[in-house]
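Each chain is listed here by its residues.
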Amino acid sequence: MEKLLGSTERKLLGELLVESGIVTKEQLWEALERQKLIGGRIGSILVGLGYISESKLKEFLGRQLGIPILDLSRVEIERDAVKLIPAETAHKLKVVPVRLESDLGRRVLIIATSDPTNLEITDIVSFITSLPIQIAFAPETDIEMAIERHYGAAMVSNVVDLTEEGIKRTMLILIDLLEEKGIIKRGELMKRIWEKRF
């Protein structure tokens, strides 16, 4: 069950998307520039810019990396799994421990992340839990909502980060909420923010 990532999978998500012809180098460059300004995960930024749909990103990740795609609003998240990762770590890494499974007599922790190509996440969670890790993909907004739901709103509010990076992350959450409520599309809002900065 433990997934050893091969050489193709060690590449960054943006590189894989360019190599597959899903986004252009120019689109990736624009997304990387925005990432420098406002933070966030490159997949979420590319979706926000309208260069790739969330469903196409999910399909690509599932096919390219051979990982499961989870809908965290429908998946039962085990309390025993949640107890294995401290709330602060889950929030910082943007991971959700989903469940424990057994593989050849040993326990394996299934985690959801919006950045499955980031091997550091797997290494840190494995170190903290002393368990082998299997990753699954879930959109960043779903991860954040699941963290709030399973670790509590109080925890999230206690981790208010007033650094520039923290403010950027908060902006992304607000953008997601505005889009979710149908107030404005992410791409349009990101464009307006981008235009105001320069």
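Residues numbered from 1 in each chain as written. Predicted model: local features only at pLDDT ≥ 70, side-chain atom pairs only at ≥ 80, totals over all residues. Heavy atoms only, no water.

Engineer: Looking at this structure, how should I read the nonpolar core?
Structural biologist: Nonpolar side chains tend to gather and get buried jointly when the protein is soluble and globular. One finds Leu17, Leu72, Leu109, Ile111 and Val125 to be the most contacted residues of the largest nonpolar core, which totals 48 residues. Here this core gets five residues from one element, more than from any other, and that element is strand β2 (residues 106-113). Dropping the residues within four chain positions of it, Leu109 is found in contact with Ala81, Leu84, Ile85, Pro97, Arg99, Leu100, Val125, Thr129, Leu131, Pro132, Ile133 and Gln134. (Core = buried A, V, L, I, M, F, W, Y, C linked by side-chain atoms within 4.5 Å. Buried < 20%, exposed > 50% of the residue type's maximum accessible area, 1.4 Å probe, protein only. Helix = DSSP H or I, 4+ residues; strand = E, 2+ residues; numbered from the N terminus. Contact = heavy atoms within 4.5 Å.)

Engineer: Whenever I open this one, unusual backbone geometry confuses me. Can you help?
Structural biologist: It is generally the case that most residues other than glycine have a negative phi and that most peptide bonds are trans. Although it is not a glycine, Lys94 sits at a positive phi angle of roughly 55 degrees. Structurally, Lys94 can be placed in the loop between α6 (87-93) and β1 (95-103). Despite not being glycine, Ser130 has its phi angle at roughly 60 degrees, a positive value. In this fold, Ser130 is placed in the loop between α7 (119-129) and β3 (133-137).

Engineer: Mind showing me how you'd approach the pairing of β1 here?
Structural biologist: The two faces of a sheet get side chains in turn, since along a regular strand they alternate between them. Pairing between β1 and β2: eight bridges, direction antiparallel. Pairing of Pro97 across the sheet is with Ile111, part of β2. Counting the residues in the hairpin turn of β1 and β2 gives two residues, including Leu104, whose phi is positive at 50 degrees. (Pairing = 2+ DSSP bridges.)

Engineer: I would appreciate a short explanation of the confidence of the model for the protein chain in the present structure.
Structural biologist: Detailed reading of the predicted coordinates is not advisable wherever pLDDT is low. Summary statistics for the protein chain give a mean pLDDT of 80 and a share of 81% for residues scoring 70 or more. Confidence, read as mean pLDDT per element, is least for helix α9 (residues 153-158) in the protein chain (46) and greatest for β2 (93). Note on residues 1-9: pLDDT under 50 across the span, and 22 contacts to partners over four residues away in sequence or across chains. (pLDDT = per-residue confidence, 0-100.)

Engineer: Could you clarify how one ought to interpret the pattern of salt bridges in this entry?
Structural biologist: Between side chains of opposite charge, pairing is possible as soon as their charged atoms come close. Per the counting criterion, the structure on display carries nine salt bridges. A salt bridge links Glu30 to Arg34, with the shortest nitrogen-to-oxygen separation between them at 3.2 Å. On the criterion of helical spacing, the pair formed by Glu30 and Arg34 is a turn pair, its members being four residues apart in helix α2 (residues 25-38). Glu30 sits in the partly exposed class, given a relative accessible area of 23%. For Arg63, the salt bridge is made with Glu59, and the minimal N-O distance between the two is 3.2 Å. Placement of the pair is Arg63 and Glu59 together in helix α4 (residues 54-65), with a separation of four residues, close to one helical turn. Taking the relative accessible area as the measure of exposure, Arg63 reaches 53% and is therefore exposed. Put simply, Lys94, Glu140 and Glu144 are held in one network by salt bridges that share partners. (Salt bridge = Lys/Arg side-chain N within 4 Å of Asp/Glu carboxyl O.)

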